[in-house]
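Structure assessment
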Amino acid sequence: MRLSAENISFRYTNERYILKNVNFHIDSGEVVGLTAPSGFGKTTLGKILAGYLKPESGRITIDGNDIKGSSFYPVQLIFQHPEKAVNPKWKMRKVLEEVEMPSEELMESMGIQQGWLERWPSELSGGELQRFCVTRVLSEKTKFIVADEMTTMLDAITQAQIWKTVLDYAKLHHIGVIVISHDQALIEKVCSRIVDITLG
Ligand SMILES: Nc1ncnc2c1ncn2[C@@H]1O[C@H](COP(=O)(O)OP(=O)(O)OP(=O)(O)O)[C@@H](O)[C@H]1O
């Protein structure tokens, strides 16, 4: 399966183009780093790939076909701020169940304690909450993941634990992972290919 961004142009207002005729692709099972200097549109492209923003021109396709807006989008975005990604009125069990209840094995390898399932989002630390946001996209319905500064706010040990779980899961289920990060060492460690969207 191939996720492609074809000739994507985008601007937030009528002024400057953030992205101009950008092309990008990733195949199932690949881990690809997306780099560019700050402000050059990495997050914007990630949001377009995940269907959060519509490009002014160009297409996002999977195997050449437009992505249909079914109930679950096959390209899932995980971003830096988990508190903005969960419904504050739902307990964590419901947050997970909205997609599908993950296996106990997956929750354990993500370091989620069973007792946290009965808590509200406001009763968890940012790092604990991010484990839920990452876990809920590790679903059979997900075909590609956009990890935008996914572990930036976490300590080194938690970062390593989360990345190991995500990469193991992606490998097993043949999910493509797009990595957006300012941590060059992380990108070089986990990615098999690095694309600079300021070039070409
Ligand atoms: N909602 C918005 N409205 C207007 N401009 C925006 C909006 N979001 C982002 N921008 C602008 O679009 C440009 C690209 O932002 P984006 O976050 O995609 O860049 P980035 O490459 O991910 O940056 P960084 O590496 O600093 O995270 C920036 O100049 C930013 O100020």
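Parameters at a glance
Within every chain, residues take consecutive numbers counted from 1 along the sequence as written. Totals for whole chains, interfaces and linings use all residues, but because this is a predicted model, local features are given only for residues with pLDDT of at least 70 and pairs of side-chain atoms are given and counted only at 80 or more. When DSSP finds two or more bridges between a pair of strands, those strands are recorded as paired. Starting at the N terminus, helices and strands are each numbered in turn, a helix being any DSSP run of H or I of at least four residues and a strand any DSSP run of E of at least two. The contact rule is simple: place each C-beta atom from the backbone, and if two of them lie within 7 Å, those residues are in contact. Convention adopted: a line fitted to C-alpha atoms gives each axis, helices being fitted over their contacting stretch, and angles between N-to-C directions are expressed from 0 to 180 degrees. We call a residue near a molecule or strand if the C-beta atom, set from the backbone, is within 6 Å of it. Each residue is assigned to one of three groups, with Ala, Val, Leu, Ile, Met, Phe, Trp, Tyr, Cys and Pro labelled nonpolar, Asp, Glu, Lys and Arg labelled charged, and all others, Gly among them, labelled polar. Counting other C-beta atoms within 10 Å of each residue's C-beta, where C-beta atoms are placed from the backbone, gives the exposure class: buried for 20 or more, exposed for 12 or fewer, partly exposed between.

Here we have 4 strands laid out as an open sheet, ordered 2-1-4-5, and antiparallel in their pairing. On the outer flanks of this sheet lie strand 2 (19-27) and strand 5 (65-66), each paired with one strand and no other. Bridging between strand 4 (residues 57-62) and strand 5 involves 2 bridges; their strand directions are antiparallel. For Ile 62, the partnering residue across the bridge sits in strand 5 and is Asn 65. Contacting strand 1 (2-10), strand 2 and strand 4, helix 1 (residues 42-49) runs over the sheet at an angle of about 125° to strand 1.

This next bit is on the site of the ligand. What surrounds the ligand is the set Tyr 12, Ile 18, Ala 36, Ser 38, Gly 39, Phe 40, Gly 41, Lys 42, Thr 43 and Thr 44. Residue classes in the shell around the ligand are distributed as 4 nonpolar, 5 polar and 1 charged.

Attention now moves to the sheet that holds strand 3 (residues 31-35). Strand order in this open sheet of 5 strands is 6-7-8-3-9, and the pairing throughout is parallel. What marks the edges here is a single partner per strand, and that holds for strand 6 (75-78) and strand 9 (193-196). Across this sheet, the average inter-strand angle for adjacent strands is 20°, counted without regard to direction. Where strand 6 and strand 7 (residues 144-148) come together, 4 bridges link them in parallel fashion. Residue pairing across strands places Val 75 opposite Phe 144, the latter belonging to strand 7.

This part covers the environment of Arg 2. Among the secondary structure elements, Arg 2 is positioned in strand 1. Along the backbone, Arg 2 and Tyr 73 are 71 residues apart, and their C-alpha atoms lie at a distance of 15 Å.

Attention now goes to the pairing of strand 7. Among the 5 residues in strand 7, 5 count as buried, and that is most of the element. The alternating pattern of strand 7 places Phe 144, Val 146 and Asp 148 and Ile 145 and Ala 147 on opposite faces, both of which are buried. Relative to strand 8 (residues 176-180), strand 7 runs parallel, the two being bridged by 5 bridges. Within strand 8, the residue paired with Ile 145 across the bridge is Val 177.

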